[in-house]
Amino acid sequence: MQKRISHLPFHDTPEQAQKLDAVIESLKGQAGAVMPALHQAQDIYGYLPLEVQKKIAEGLGVSLEEVFGVSTFYSQFSLTPKGRNHISVCLGTACYVKGSDKVLDRLVAKLGIHPEECTEDGEFSLTACRCIGACGLAPVMTVNDEVYGRLVPEDVDKILAQYAAK
Amino acid sequence: MKSLAELQAVKERSVGSLTLREHGATPNPGSSVRLNVLVCGGTGCTSSHSEQIVEKLHEEIKANGLEDEVEVVRTGCFGLCALGPIMIVYPEGAFYSCVTPEDIPEIVAEHFVKGNIVKKHLYQETVQEDGSIKSLNETRFYSKQMRLALRNCGVIDPEKIDEYIARDGYQALGKVLTEMKPDEVIELVLASGLRGRGGAGFPTGLKWKLCAPNQADQKYACCNADEGDPGAFMDRSVLEGDPHSVLEAMAIAGYAIGATQGYVYIRAEYPIAVKRLQIAIDQAREYGLLGKNIFGSGFDFDVDIRLGAGAFVCGEETALMTSIEGKRGEPRVRPPYPALKGLFGKPTVLNNVETYANIPQIILKGADWFKSIGTEKSSGTKVFALGGKITNTGLVEVPMGTTLREVVEDIGGGVPGGHTFKAAQTGGPSGGCIPASLIDTPIDFDHLAAIGSMMGSGGLIVMDETTCMVDIAKFFLEFTVDESCGKCTPCRVGTKRLLEILEKITSGKGTLEDIDRMEELCYYIKENSLCALGQTAPNPVLSTLKHYRDEYIAHVTEHRCPAGACKALTNYSIDPEKCKGCTLCARNCPVGAITGKVREPHVIDTDKCIKCGVCMENCKFGAVVKK
């Protein structure tokens, strides 16, 4: 999937900065530290702003080019912030055969955004993912950490309403 | 753990807690526990809230004062994911399916307290006419299965090392370290005929044999748990249900080739598996089964986890190793093979999760035992993740040589909803389709290769007549275009061009020349790509072309999709004769494309219609037609 790079301003809290420093400190000198550092940084910030990648590069003593090369290579690393509710529709084979593309179409129509985008109010972001392994429940989508399985496109309206109300 | 005697002591201490977990078992007289409640803690059942079921069970058991009599165990996957969440109560072997937290009070009060099994919540096939409960092994889903790699999945608590030891765990490692020389281990694995379960089927013993003589200051024994095929979850289930079997086997491999460090490279998308594997590593270290001087033999071995980050190409061995090194996971040219220059440039053996899960039993039961299962050139069993248009979606393990028909019709319960079986897809984006006409093909490495598909890692997706084979080929190409790492041109550019031709065909603009050109391009990509991703990427196209060329031709010459799946080639309309004007379709149309008055035939505006098919699904009179 094409990576989208965020142009939104980067907000950093002292707490987050401190956590990132600790992560970098613990990985210094370890072979192959860039990926674990990016994983943990994404847990802290929700995505990987360029500022954070610069800090990792300086901290681990590798070039920014190498860090950026890794962060853009792997689909798990996100360069855009996620919405308050992050929706992920599985387009793995088992889900696709059972019509998850129609579930995604319905979400696109309802939210007015495409995969890898976030709604203007920051409420919802959408992504199409590969198999999450819950093929027994196909077709599947997740909202934050909640899994919704055995979906038909009409279920989307109900599920979105639950989150919009919050 | 200093000696085998200590291991034996742990086994004897723990074995009693497992005796109940069998259909019709008699309770251990020395224990107050009379019921074992096994709740599936695999990803499928956890997604449908099996955790809440465990909580509710504890609550109700406490309320009824049964804490000393009933033990609740969270196990790995039972396999029948379609009926999840699943809960099995032993010794009766009562198989409760689609359980909700609301069902628990009744089950506890009736079954646990009074001894009356609540039959309405049971998997109906297990309830016999006379009201007795059939053993699970006699049901259609389980009777043809043979669980070797999955032997502990759904039996033990994967977070308790003692339960693994009670089932002969770490005995094989003990035997290898105290009784066998490294080359004897390799010869045994070689003689068993075990072939790599990751897809290519390379003989595991040979892989070890090629690595063993290479001298270096550090060698590695690694595990490939980067299960990237969409629709495949065998390796995840093994790691979630029986992580110690993989760790034990990695240590055995380490001893055989002379490695002291192992890495498990696992997808970050598998949080439960990662968590349980980490717990298993910690427990094994605590017992001294990983670490320095294992069983006092002087052999050191330790394992660490490395997380993937969602790149399909990292399932390829050289790409995986580059990724463990923290870089972009791009493959490199072989030779040199990893056996000589692998991780960090050192000799490395890399095996798949399921391959490892077979090793301890091969060591304990011998090469001849393993060779007696399966077919001549493919010994043992294979785990498949059954998915798609099939009744019993789930995880199955069958001896090699079982026919596709047995897997789909007997174990899988056939295609639901009155539809007919059209094809099965194996091997994911690298594999191909097996058409209905070849349903009696025995499943093993060589038979599947002979018909233009491949074993793959074990994803088996069933398709019915509503699935368009051109669309499926396009689906897999979209996947490979996305996942191509971009390093070599035949794969990066070739797959893109292939996808463009497929898009042209599915939108009705293709020509017969396009089909020929596509076929030629397929062979070009296969022959010239750097790694297995590119070399196998055209397989979905080639195998559908081989078996379903008429469908491609229909798209091109008649501008028609025979399965009615390609959106650009289908239109929805309403038959005015059949339409009763109930307005149901108009009310459900997401884009307001349907108009009409109450009790008068409705009309679909084809310009507005997004072809989602909701109207057709909702119509009670069959008035919506797709052409």
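Residues numbered from 1 in each chain as written. Chains lettered and ligands numbered in written order. Predicted model: local features only at pLDDT ≥ 70, side-chain atom pairs only at ≥ 80, totals over all residues.

Further remarks concern the confidence of the model for chain A. Mean pLDDT over chain A stands at 89; residues scoring 70 or higher make up 95%. Across chain A, the element-wise mean pLDDT spans from 84 in strand β2 (residues 117-118) of chain A up to 96 in helix α3 (residues 50-60) of chain A. (pLDDT = per-residue confidence, 0-100. Helix = DSSP H or I, 4+ residues; strand = E, 2+ residues; numbered from the N terminus.)

On to the interface of chain B and chain A. Each partner contributes residues to the interface: chain B has 46 residues there, and chain A has 37 residues. Mapped by element, the contributors of at least two residues to the side of chain B that touches chain A are α2 (43-47), β9 (381-388), β13 (459-464) and α18 (469-483) of chain B. Taken together, the residues of the side of chain B that touches chain A sort by class into 20 nonpolar, 19 polar and seven charged. (Contact = placed C-beta atoms within 7 Å. Nonpolar A, V, L, I, M, F, W, Y, C, P; charged D, E, K, R; others polar.)

Let's shift gears to the sheet that holds strand β3 (residues 87-90) of chain B. Residues and elements named next belong to chain B. Within the open sheet, the four strands sit side by side as β2-β1-β3-β4. Their pairing is mixed. Of all the strands in the sheet, the pair left with one neighbour each is β2 (70-75) and β4 (94-96). Taking each pair of neighbouring strands and ignoring which way they run, the sheet shows an average axis angle of 20 degrees. Alignment of β3 against β4, held across three bridges, turns out to be antiparallel. Pairing of Ile-88 across the sheet is with Phe-95, part of β4. (Pairing = 2+ DSSP bridges. Axes fitted to C-alpha atoms, helices over the stretch in contact; angles between N-to-C directions.)

In this section: the domain arrangement of chain B. Residue and element names in this part refer to chain B. In terms of domains, chain B is made up of domain 1 (14-143), domain 2 (161-371), domain 3 (381-464), domain 4 (469-557) and domain 5 (571-626). Taking only C-alpha atoms, the centre of domain 1 and the centre of domain 3 are 30 Å apart. Taken together, the contacts link seven residues of domain 1 with nine residues of domain 3. For the side of domain 1 that touches domain 3, a count of residues per class yields five nonpolar, one polar and one charged. (Domains from an automatic or database assignment.)

Attention shifts here to the environment of Cys-95 of chain A. All names here are of chain A. Relative to the assigned elements, Cys-95 resides in helix α5 (residues 93-97). Looking at Cys-95, the number of C-beta atoms within 10 Å reads 31, which means it is buried. Here the alpha-carbon distance between Cys-95 and Met-141, two residues 46 residues apart in the chain, equals 9.4 Å. Excluding residues that lie within four positions of it along the chain, Cys-95 makes contacts with Cys-90, Ser-100, Ala-138, Pro-139 and Val-140. (Buried ≥ 20, exposed ≤ 12 C-beta atoms within 10 Å, placed from the backbone.)

With that settled, the discussion passes to the packing of helix α7 (residues 171-179) of chain B against helix α11 (residues 243-257) of chain B. Residues and elements named next belong to chain B. Relative to each other, α7 and α11 sit at 15 degrees, their axes nearing to 9 Å. Between α7 and α11, the angle falls in the class roughly parallel. At the point where α7 passes α11, the crossing takes the left-handed sense. In this structure, α7 uses Ala-172, Leu-173, Val-176 and Leu-177 to contact α11, whose residues at the interface are Glu-248, Ala-251, Ile-252 and Tyr-255. Split by residue class, the contact of α7 with α11 holds seven nonpolar, no polar and one charged. (Parallel < 35°, antiparallel > 145°, perpendicular 65-115°, else oblique. Left-handed = near helix turned anticlockwise from the far one by under 90°.)

Looking now at the sheet that holds strand β12 (residues 432-435) of chain B. Residue and element names in this part refer to chain B. Taken together, the five strands give an open sheet; going across it, the order is β10-β9-β13-β11-β12, and neighbouring strands pair in mixed fashion. Strands with a single pairing partner mark the edges of an open sheet, and in this sheet they are β10 (394-399) and β12. Each neighbouring strand pair of the sheet contributes to a mean axis angle of 30 degrees, computed without reference to strand direction. With four bridges joining them, strand β11 (residues 421-426) and β12 adopt antiparallel strand pairing. When the bridges of β12 are listed, Ala-423 appears paired with Pro-435.

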